[in-house]
Amino acid sequence: MQPLVEARDITKRYDGVVALDQASFRCQPGSIHALVGENGAGKSTLVKILSGVVIPDAGTINVRGRPVVIDSPIVATRLGIGAVFQELSLMPDLTVAENIFITNPPRTHLGLVDRKALYRRAKQFLAELGFQDVDPDALIGELPLAQRQLVEIAKALSRDPQVLILDEGTSALTMQEVHTVFEIMERLRAQNRSVIFISHRMDEVEEIADTITIFRDGRNVASFPAGTVGREEMVQMMIGRKLEQVFPPKRALPAHEVPLLVIEDLSWGDTLRNISFRLGEGEILGLGGLEGQGQRELLLALFGVLRNVRGRIYVNGEEKQITSPAAAASAGIRLALIPEDRKTEGLILPMPVKDNITLATLHQYARFGLMMHHQERAAVDRVIEQLRIKVPSPSVTVRSLSGGNQQKVVIAKWLLTQAQIYLLYDLTRGIDVGTKHEIYQLMRALADEGAGILFFSTDLSELVGLCDRVLVLYEGRISAELSGEALSEENLVATALGMKANGREESPVRRMA
Amino acid sequence: MTTLSIADGAQWLRRFFRRNFKVGIAYVALLALLGVYAGLQPRLFTKLVITATANQGMALVLASMGQTAVVLTAGIDLSVGPIVSLSNTLASTLFPDSVPGVIGVVVLVLLVGALAGLINGLIVVYGRLQPIIVTLATASIYSGFALMLRPRPGGYVPLWYGDLLTRRVFDLIPTSLVLLAFVLIFIWAPFRRSRLGLAVYAVGSDERAAYMSGLNVNRAKVAAYVMAGFLAALAGLFLTAQTSSGDATIGAVYTLQSIGAVVLGGTSLFGGSGGVAGTIAGAFVIRIISSVLFFAGINPLSQPLFEGLVLLIAISLGAARTFTLRNRLETMR
């Protein structure tokens with residue numbers, strides 16, 4: 001049978017990082033095709049390419065056997081490819097009905113938008129899909145995330161696509177809503193159309209997909225009919241590689257640990273739910289789980305960025321209220337955050353390296369409000385040397401440095417504050433192996449000097465190789481704590497997907513009935 | 001099922017009030033101001049004073065409506081004032097006595113205004129430059145043209161043209177208000193209710209989402225600037241009727257006052273939400289403040305001080321929402 005959509009040898013790089021490496025994919029008419037893999041495996045990049053959001057560096061795409069160039073979402077729509085991303089294509093100030101029919105609203109004989117018909121049609125369309133709970137007159141910005149996802153799906157379907165792409169399109173939905181969406185997917189399949197489905201929920205994948213393709217490190221590594229390969233085997237295929245990075249040796253846990261940081265019942269809206277844990281002196285505590293399960297918010301909450309955080313935070317045994325980043329960095333608390341997006345939150349790109357490095361410690365070099373430049377310069381030189389930051393001069397702008405060196409500048413900034421607790425968000429993302437190695441050594445050295453490190457990473461091997469313990473977050477809760485023997489990539493993946501960690505004795509393989 | 005239950009009606013009403021909260025504030029401010037005004041100026045409710053008050057606000061209302069279109073796309077147009085000046089100097093230079101001649105000049109001036117807006121829009125969209133800096137530059141250029149046309153105030157405006165626009169229809173309704181109704185019904189409403197108008201709101205609400213939805217983002221933006229240029233030119237033509245002469249600096253205040261009127265009227269400077277209903281009230285508030293201060297006997301030299309205070313208070317009321325944001329990073333967008 002001729003595939004409905006076929007992508008061949010697709011390569012895509014972002015700033016030197018390879019997202020897709022000669023990946024290929026084909027999707028038959030009348031099928032529901034699941035793409036699975038770790039974060040950063042290339043699934044999302046592939047579907048963005050198919051829907052015209054991202055343009056590949058190399059490779060060909062055929063739709064019904066004809067070669068096509070999909071260089072904008074409009075072209076993709078015309079080719080019959082409709083995509084549902086997480087909240088990406090909804091306008092928050094417009095109503096549900098306006099969003100669904102934005103490109104082709106019903107019109108009066110004068111050519112103006114016929115509002116009555118618009119709402120009537122939206123109401124009818126939503127009801128047909130089984131989304132009758134969504135009010136067509138509500139503004140998107142007023143809706144909870146789940147309803148927004150339903151609107152996204154309705155919007156894609158309103159264009160009558162031959163291929164529907166759902167990229168984590170069901171992640172916020174309840175079981176019942178997911179089944180409504182599954183019914184729609186089955187209807188599309190019965191009409192000989194196809195659905196490309198990305199989900200991190202393995203249960204969903206096994207329930208609905210008829211074909212599964214596994215992605216790893218930007219390549220498609222296996223495709224097979226659903227039900228022919230066990231879960232354990234699939235998880236191994238997703239991870240695939242051996243540990244490559246050399247990690248410093250872990251410390252032997254002392255019997256009586258001094259807790260630096262104790263968190264009790266930390267909650268924030270629906271995003272963080274009753275998080276409790278303690279971080280010991282000299283400990284590297286990992287945060288695992290899929291992206292978007294509350295890890296970012298947990299770090300931001302500890303750093304005083306979020307309002308209305310409930311729960312208690314103790315630093316060195318004393319309860320603290322952390323209401324701003326300045327308070328978090330202050331003498332009694334001494335927290336440091338290396339944020340998610342170093343380019344916007346970690347660095348001021350157009351400013352020189354030296355000014356970025358001393359941004360958090362300016363008061364140390366000031367006398368009577370004036371900067372003592374020789375002291376500042378001495379501190380800068382020391383830390384550049386210590387971290388081996390490769391710069392022609394401390395006066396060049398941070399923008400001109402490579403990703404690895406930029407990240408080192410962020411680290412240098414907080415190193416100078418002599419923080420006692422470091423919050424690190426995906427510190428090594430997009431950084432070369434050599435620099436990663438140096439950063440691992442540095443982290444362990446900081447811990448050995450008595451600092452506590454809370455470390456979120458999307459790289460499983462880091463969590464396993466570097467951390468003393470790992471907390472896995474799932475839907476805003478700590479769903480598992482892994483340490484020692486149980487701290488393995490298999491268990492991290494399993495717990496991140498909401499499954500139980502595998503004990504040795506029980507049989508891990510579950511096949512579909 | 002067309003019967004509305006009481007619960008549905010109540011929900012509709014609540015939603016209406018929530019969505020039009022900021023517009024409501026603008027009208028409350030306007031009514032309060034008119035109340036004070038009526039106390040100070042007992043002759044407010046005579047035909048003459050009503051007409052004068054309407055005329056006094058009309059040019060700013062028109063210019064601010066155009067500004068609204070641009071602000072809705074999350075842009076800003078600093079050349080609104082200079083286009084008002086250009087329109088005024090062009091009209092006062094070209095106006096003949098004859099009716100057909102004047103009509104021809106009016107059409108020409110409106111086209112020049114639309115062209116100025118088109119230039120703004122094309123540079124913003126295809127130059128990928130920030131609207132504030134593009135229109136700062138073109139503002140200077142349009143001012144330059146106005147000054148070249150009319151280095152000194154003067155020019156010729158037929159008496160009947162001024163009388164026609166600044167008096168009353170059937171000696172009852174101020175012509176300026178009829179003109180406003182005409183603009184609302186035949187220019188703004190079709191724009192707002194067209195697909196293009198929907199696209200303008202969509203682009204301002206989330207440009208990336210609009211692009212992902214397959215909308216023509218560039219066309220929507222350019223259309224907004226054209227609308228701003230056109231309405232600024234119309235404002236200039238009305239001003240010409242009011243002053244019966246040409247002056248290359250007459251539009252200068254309209255740039256910032258139009259932005260003030262837009263914000264006062266509840267349109268978000270981040271784009272996507274708001275509309276001209278609020279803007280009209282905002283423009284009248286800004287214009288009536290000075291009359292009120294005058295009748296209150298406040299020293300004309302300290303008028304800007306009080307105008308600024310009133311503006312600040314009114315805008316603060318609309319910004320109260322920020323206190324409900326739970327992630328501090330979101331207040332910094």
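Remember, it's a predicted structure, so these values are computed and weren't measured experimentally. (Residues numbered from 1 in each chain as written. Chains lettered and ligands numbered in written order. Predicted model: local features only at pLDDT ≥ 70, side-chain atom pairs only at ≥ 80, totals over all residues.)

Here the focus is the overall build of chain A. Within chain A, the regular secondary structure consists of 17 helices and 22 strands. Its C-alpha radius of gyration of 25 Å places chain A within 12% of the 24 Å reference for a compact globule of 513 residues. Principal axes of the C-alpha set define a box for chain A whose edges measure 75 × 65 × 45 Å. Considering chain A as a whole, with its 513 residues, one finds that 45% of them fall into the buried category. Nonlocal contacts in chain A, meaning residues at least 24 apart in sequence, comprise 67% of its contacts between residues at least 6 apart. (Helix = DSSP H or I, 4+ residues; strand = E, 2+ residues; numbered from the N terminus. Rg over C-alpha atoms; globule rule 2.2 N^0.38 Å. Buried ≥ 20, exposed ≤ 12 C-beta atoms within 10 Å, placed from the backbone. Contact = placed C-beta atoms within 7 Å.)

Right, let's talk about the domain arrangement of chain A for a bit. All names here are of chain A. Taken as a whole, chain A is organised into domain 1 (5–239), domain 2 (243–334 + 419–500) and domain 3 (341–418). Between domain 1 and domain 2, the C-alpha centre-to-centre distance is 33 Å. Taken residue by residue, the interface counts 9 residues in domain 1 and 11 residues in domain 2. Residues of the side of domain 1 that touches domain 2, tallied by class, amount to 5 nonpolar, 3 polar and 1 charged. (Domains from an automatic or database assignment. Nonpolar A, V, L, I, M, F, W, Y, C, P; charged D, E, K, R; others polar.)

Attention now moves to the interface of chain A and chain B. On the side of chain B, 22 residues touch chain A, which itself brings 23 residues to the contact. With 3 residues, helix H2 (residues 73–78) of chain A is the largest single contributor of residues to the side of chain A that touches chain B. Each residue belonging to the side of chain A that touches chain B can be placed in one class, and the counts come to 14 nonpolar, 6 polar and 3 charged.

The subject of this paragraph is the nonpolar core. Counting residues in hydrophobic clusters, the biggest one holds 241 residues, and the most contacted among them are Leu335 and Leu423 of chain A together with Ala235 and Val285 of chain B. When residues of this core are assigned to their parent elements, the largest contribution, 18 residues, is made by helix H11 (residues 217–243) of chain B. If near-sequence neighbours (up to four positions away) are discounted, Leu423 of chain A is found in contact with Leu299, Leu302, Phe303, Leu335, Ala336, Leu337 and Leu454 of chain A. (Core = buried A, V, L, I, M, F, W, Y, C linked by C-beta atoms within 7 Å.)

Moving on: the confidence of the model for chain A. All names here are of chain A. Put simply, chain A has an average pLDDT of 85, and 92% of its residues get 70 or more. Ranking the elements of chain A by mean pLDDT puts helix H11 (residues 342–346) last with 76 and helix H3 (residues 96–100) first with 94. The low-confidence segment residues 503–513, where pLDDT is below 50, has 11 contacts with residues more than four positions distant or belonging to other chains. (pLDDT = per-residue confidence, 0-100.)

All names here are of chain A. If you trace the 6 strands from one edge of the open sheet to the other, you get E6-E7-E8-E3-E9-E10, paired in mixed fashion. Both outer strands of the open sheet, strand E6 (81–84) and strand E10 (219–225), are each paired with one neighbouring strand and no more. Ignoring which end each strand starts from, the neighbouring axes of this sheet average 20° apart. In terms of strand pairing, strand E9 (residues 211–216) meets E10 through 6 bridges, oriented antiparallel. What sits directly across from Thr213, in E10, is Ser223. Helix-sheet contacts for helix H8 (residues 231–239) involve strand E3 (31–37), E9 and E10, and the interaxial angle to E9 is about 35°. (Pairing = 2+ DSSP bridges. Axes fitted to C-alpha atoms, helices over the stretch in contact; angles between N-to-C directions.)

With that settled, the discussion passes to the pairing of strand E13 (residues 284–288) of chain A. Residue and element names in this part refer to chain A. Burial analysis of E13 places 5 of its 5 residues in the buried class, which makes it a mostly covered element. Residues Ile284, Gly286 and Gly288 point to one face of E13 and Leu285 and Leu287 to the other, with burial holding for every one of them. When E13 meets strand E20 (residues 452–456), the two strands line up parallel, connected through 4 bridges. Paired with Ile284 across the two strands is Ile453, which belongs to E20. Two strands pair when backbone bridges link them, and E13 and strand E21 (residues 469–474) are joined in this way by 4 bridges, in the parallel orientation. Its bridge partner lying in E21, Leu287 is registered against Leu471.

With that out of the way, let us pick up helix H4 (residues 115–129) of chain A. Residue and element names in this part refer to chain A. Over its 15 residues, H4 extends 21 Å from the first C-alpha to the last, a length consistent with the 21 Å expected when each residue adds 1.5 Å. Every buried residue of H4 is listed here: Leu118, Ala122 and Leu126. Buried residues of H4, seen end-on, are gathered within an arc of 55° and therefore sit on one face of the element. Residues of H4 that are exposed and point over 90 degrees away from its buried face: Lys116, Gln124 and Glu128. (Expected span 1.5 Å × (residues − 1). Arc of directions from axis to C-beta.)

The next point concerns the sheet that holds strand E11 (residues 259–268) of chain A. Strand pairs in the sheet, formed through backbone hydrogen bonds, run parallel or antiparallel to each other. Residues and elements named next belong to chain A. As summarised here, the arrangement of the 4 strands in space is E12-E11-E14-E15, forming an open sheet in which the pairing is antiparallel. In this open sheet, the two strands that pair with only one neighbour each are strand E12 (272–280) and strand E15 (318–320). Each strand of the sheet is rotated relative to its neighbour by a mean of 20°, with strand direction disregarded. Contacts from helix H9 (residues 295–302) reach E11, E12 and strand E14 (310–315), with the element oriented near 65° to E12.

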